[in-house]
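# Examining the three-dimensional arrangement
Single-letter residue listing:
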Amino acid sequence: FCDMAAPGKVAAFHLPPLPTVGEIIKLFNLKAQKQLSQNFLLDLRLTDKIVKHAGKLKKAHVCEVGPGPGGVTRSILSAGVEQLLLIEKDPRFIPGLQMLSEAAPGKVHIVHGDILTYKMDKAFPKYLKKHWEDEPPDIHIIGNLPFSVSTPLIIKWLENVSKKEGPFIYGRTQMTLTFQKEIGERLTANPGGKQRCRLSVMAQHLCTVENCFIIPGQAFVPKPKVDVAVVHFTPLVQPKIQQPFELVEKVVQSVFQFRRKYCFRGVETLFPEAGRLKRTEQLMMTADVDPTLRPFQLSMSHFRNLCNTYRKMCDEDPSLFVYNYREELRQKKLRRNSRKSTSQPKQIEEEN
C-alpha cells in the first residue's frame with residue numbers, strides 16, 4: 001500500500017481503493033441516531049482540513065474518538081500515522097471500521113467502548129512519554145464528537161491535564177476536537193466577550209486554545225441546526241492558576257453562578273450564610289478584585305488572585321472547601337417545608 005520511495009526518503013502511505021464513506025453508510029445501513037446527536041461528515045476535503053490542523057501526524061500515534069463511518073479516519077491514515085487507535089461506542093460502525101483496518105494492516109486498533117470511561121493512560125507505548133516541560137509527545141487526540149459528549153469530555157480531559165493523568169501521563173498531548181460553534185466560541189472567549197464563561201476560564205488556564213475554523217452545518221448528514229467549530233488544544237507547561245483543579249473549578253463555577261449580576265454575588269456562594277458578607281469582603285479585598293465587575297469581565301489574573309486567596313482561607317478553615325451553597329439552600333427548604341407540615345394539623349384543629 002506504499003508508493004516506491006526515492007532512496008533515503010520515507011514512502012508515503014496511501015489507502016487502496018475503497019468504497020466511499022457514503023457507500024459504506026449505505027452498505028451497512030447506517031443511520032445517524034438523533035438521541036446520540038450523531039452527524040456524519042462525508043466531505044473528505046473537510047476531514048483532511050481537520051487532520052491538517054492537528055499538526056504533524058507523520059509517524060505519530062493518534063487516538064480518534066467516535067470515528068463513526070470513518071471519514072476523519074481515512075484522512076488520519078492518509079497523513080502517514082504510525083498507529084491509529086479508534087474508540088467507538090456504537091457497534092453499528094465497527095464492521096465499516098474493520099474494512100479500513102484491513103486496508104491498513106498493522107496500523108489500526110479498534111476498541112468498542114465509551115471514551116468517557118475508557119482508560120487512556122495505557123493507550124500508547126511507554127517509549128513515547130516525554131517530560132511535561134518538553135515539546136508535546138508524538139501523540140494526538142482527534143474527534144468529530146457528538147454534541148452530547150463534547151462538553152463533559154473536554155471537562156474530564158481538562159481535569160486530566162491539571163493532574164497529568166489519562167492521555168496526559170505521556171506529556172502535553174495535543175487535542176483537535178469538534179464542538180457546536182457556540183461552545184467553540186466559549187472555549188476561546190476573551191474577558192469582556194459575551195461568550196466568556198466558566199468553560200473559557202477552565203480551558204484557557206490549562207491550555208492554549210485555538211478556534212481553527214468553522215464547518216457549516218450543511219456539510220453534515222443529517223444537517224444539524226448549528227455550525228461546527230474545530231478547536232485545537234495544547235496543554236501549557238505551567239497552568240495560569242496553580243491550584244488544584246477542584247478548587248479552581250469551584251471558584252470559577254461560583255463566580256459565574258450569577259452571570260448578569262456583580263461578581264460579588266457569585267463569590268458570596270463560596271461561604272456559609274453565617275459570616276458570608278464579612279468573608280466575601282475579605283476575599284475580594286485581599287484578591288484586589290472590584291466587586292462591581294460582572295463575571296465575564298474578570299481577567300485570568302483576577303481568577304488567579306481569587307483562587308489563591310480562597311486557598312489560604314480554606315487552609316485556615318478546612319470546612320470551607322467542603323461547603324456547598326446549593327446543599328445549604330436545599331436543607332433550608334426542607335426545614336421550611338417540615339415546619340409547614342407540622343403546623344398544618346394544628347391549623348386544621350383550630351379551624352374545626
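In this numbering scheme, every chain counts its residues from 1 along its sequence in written order. Reporting of local features is limited, given that this is a predicted model, to residues whose pLDDT is at least 70; pairs of side-chain atoms are given and counted only at 80 or more, and all residues count toward the totals for whole chains, interfaces and linings. Side-chain numbers here rest on the full set of heavy atoms in the structure, without hydrogens or water.

How we decide: UniProt positions are given in the numbering used here, feature names are shortened, and annotations may be inferred rather than shown by experiment.
If you check an unreviewed UniProt entry, the chain appears there as rRNA adenine N(6)-methyltransferase from Heliornis fulica. UniProt, in the comment section headed Subcellular location (unreviewed entry), describes the chain in these words: "Mitochondrion".

## Details of the environment of Lys58
For clarity, the threshold we go by: For helices the rule is a DSSP run of H or I covering at least 4 residues; for strands it is a run of E covering at least 2, with both sets numbered from the N terminus onward.
Along the chain, Lys58 turns up in the loop between helix H2 (44-53) and strand S2 (61-65). Note: C-alpha distance between Lys58 and Val81 (23 residues apart in sequence) is 4.9 Å.

## Here's the deal with the packing of aromatic side chains
Put simply, the test is: Between 30 and 60 degrees the pair is tilted, below 30 it is stacked and above 60 it is edge-to-face, where a pair is any two Phe, Tyr or Trp rings, Trp via its six-membered ring, whose centres lie within 6.5 Å. Residue burial is assigned from relative accessible area. The probe radius is 1.4 Å, only protein chains are included, and a residue is buried under 20% of its type maximum, exposed over 50%, and partly exposed in between. Only when the NZ atom of a Lys or the CZ atom of an Arg is both within 6 Å of the ring centre and within 35 degrees of the ring normal do we say a charge sits over the ring.
By the definition in use, this model includes four aromatic pairs. A ring pair is formed by Phe124 and Tyr170, whose centres lie 5.5 Å apart and whose planes are at 85 degrees; its orientation type is edge-to-face. Residue Phe124 is found in the loop between strand S4 (108-112) and strand S5 (139-143), and its partner Tyr170 is found in the loop between helix H5 (147-163) and strand S6 (174-180); the two are separated by 46 residues along the sequence. The exposure class of Phe124 is buried, given its relative accessible area of 7%. Classification of Tyr170 as buried rests on a relative accessible area of 2%. Each ring, one from Phe271 and one from Tyr310, has its centre 6.3 Å from the other, and the planes form 70 degrees; the classification is edge-to-face. Of the two residues, Phe271 is situated in the loop between helix H9 (263-268) and helix H10 (276-287) and Tyr310 in helix H11 (residues 300-316); the sequence distance between them amounts to 39 residues. An identical accessibility class is assigned to Phe271 and Tyr310; each is buried. Note that Lys49 overlies the ring of Phe213, its terminal NZ or CZ placed 4.4 Å from the centroid. Its guanidinium or amino end placed over the ring of Phe321, Lys250 lies 5.2 Å from that ring's centre, counting from NZ or CZ.

## A word on H10
Quick note on the threshold: The span expected for a helix works out to 1.5 Å for each residue beyond the first. The directions considered for the arc are those from the helix axis to the C-beta atoms.
Its twelve residues place the ends of H10 16 Å apart at the C-alpha level, agreeing with the 16 Å of an ideal helix rising 1.5 Å per residue. Among the residues making up H10, those that are buried are Arg276, Thr280, Leu283, Met284 and Ala287. Buried residues in H10, looked at end-on, bunch into an arc of 95 degrees, giving them a common side. Relative to its buried face, H10 has exposed residues pointing more than 90 degrees away, namely Lys278, Met285 and Thr286. Looking one or two places after H10, you find Asp288, whose phi comes out positive at around 60 degrees.

## A look at the confidence of the model for the chain
Let me state the cut-off plainly: On a range of 0 to 100, pLDDT expresses the predictor's confidence in each residue. Residue contacts are counted whenever heavy atoms from the two residues lie within 4.5 Å of one another.
With 86% of its residues at a pLDDT of at least 70, the chain reaches an overall mean of 89. Residue range residues 1-11 is modelled with pLDDT below 50. Its contacts to residues more than four positions away, or to other chains, number 16 contacts.

## What to know about helix H6 (residues 181-188)
Looking at H6, one finds that the buried residues are Ile183, Gly184 and Leu187. Summarising the axial view, the buried residues of H6 lie within an arc of 100 degrees, below the 170-degree limit, and thus occupy one face. On its buried side, H6 packs onto H5, S6, helix H7 (198-204), strand S7 (207-215) and strand S9 (228-235).

## Observations concerning the packing of H2 against helix H3 (residues 71-78)
Put simply, the rule reads: Each axis is a line fitted through C-alpha atoms, taken for helices only over the stretch in contact, and angles between the N-to-C directions span 0 to 180 degrees. Should an angle fall under 35 degrees it is called roughly parallel, over 145 degrees roughly antiparallel, and 65 to 115 degrees roughly perpendicular, with every other angle called oblique. Handedness of each helix crossing follows the sense of rotation of the near helix against the far helix: counterclockwise by less than a right angle gives left-handed, clockwise gives right-handed. Under the scheme applied here, ten amino acids are nonpolar (Ala, Val, Leu, Ile, Met, Phe, Trp, Tyr, Cys and Pro), four are charged (Asp, Glu, Lys and Arg), and all others, including Gly, are polar.
Packing of H2 against H3 leaves a shortest axis separation of 8 Å and a crossing angle of 55 degrees. On the basis of their axis angle, the class for H2 and H3 is oblique. Between H2 and H3 the crossing geometry is right-handed. Residues Leu44, Thr47, Asp48, Ile50 and Val51 of H2 lie in contact with H3, whose contacting residues are Gly71, Val72, Arg74, Ser75 and Ile76. Residue classes in the contact of H2 with H3 are distributed as five nonpolar, three polar and two charged.

## Remarks on the pattern of salt bridges
To be explicit about the condition: Salt bridges are identified by distance alone: a Lys or Arg side-chain nitrogen within 4 Å of an Asp or Glu carboxyl oxygen.
Across all of its chains, the model carries 14 salt bridges by this definition. With a shortest N-O distance of 2.7 Å, Glu182 and Arg186 are connected by a salt bridge. With Glu182 and Arg186 both in helix H6, this residue pair falls four residues apart, about one helical turn. In this structure Arg186 comes out as partly exposed when scored by relative accessible area, which is 27%. Among the ionic contacts, a cluster of salt bridges with common partners joins Glu159, Lys163 and Glu246.

## So, the UniProt feature "binding site: S-adenosyl-L-methionine" (unreviewed entry) in the chain
Keep this limit in mind: In protein, a polar contact requires one atom able to donate a hydrogen and another able to accept it; more generally it is a pair of N or O atoms within 3.5 Å, and residues adjacent in sequence count only if both atoms are side-chain atoms.
Annotation from UniProt places "binding site: S-adenosyl-L-methionine" (unreviewed entry) at Asn39, Leu41, Gly66, Glu88, Asp114 and Asn144. Topologically, Glu88 is positioned in strand S3 (residues 83-88). In contact with Glu88, not counting residues within four places along its chain, are Gly66, Pro67, Gly68, Phe93, Ile94, Leu97, Val111, His112 and Gly113. At a separation of 2.9 Å, a polar atom in the side chain of Glu88 contacts the main-chain amide nitrogen of Asp90. You can call Asn144 buried: its relative accessible area is 15%.

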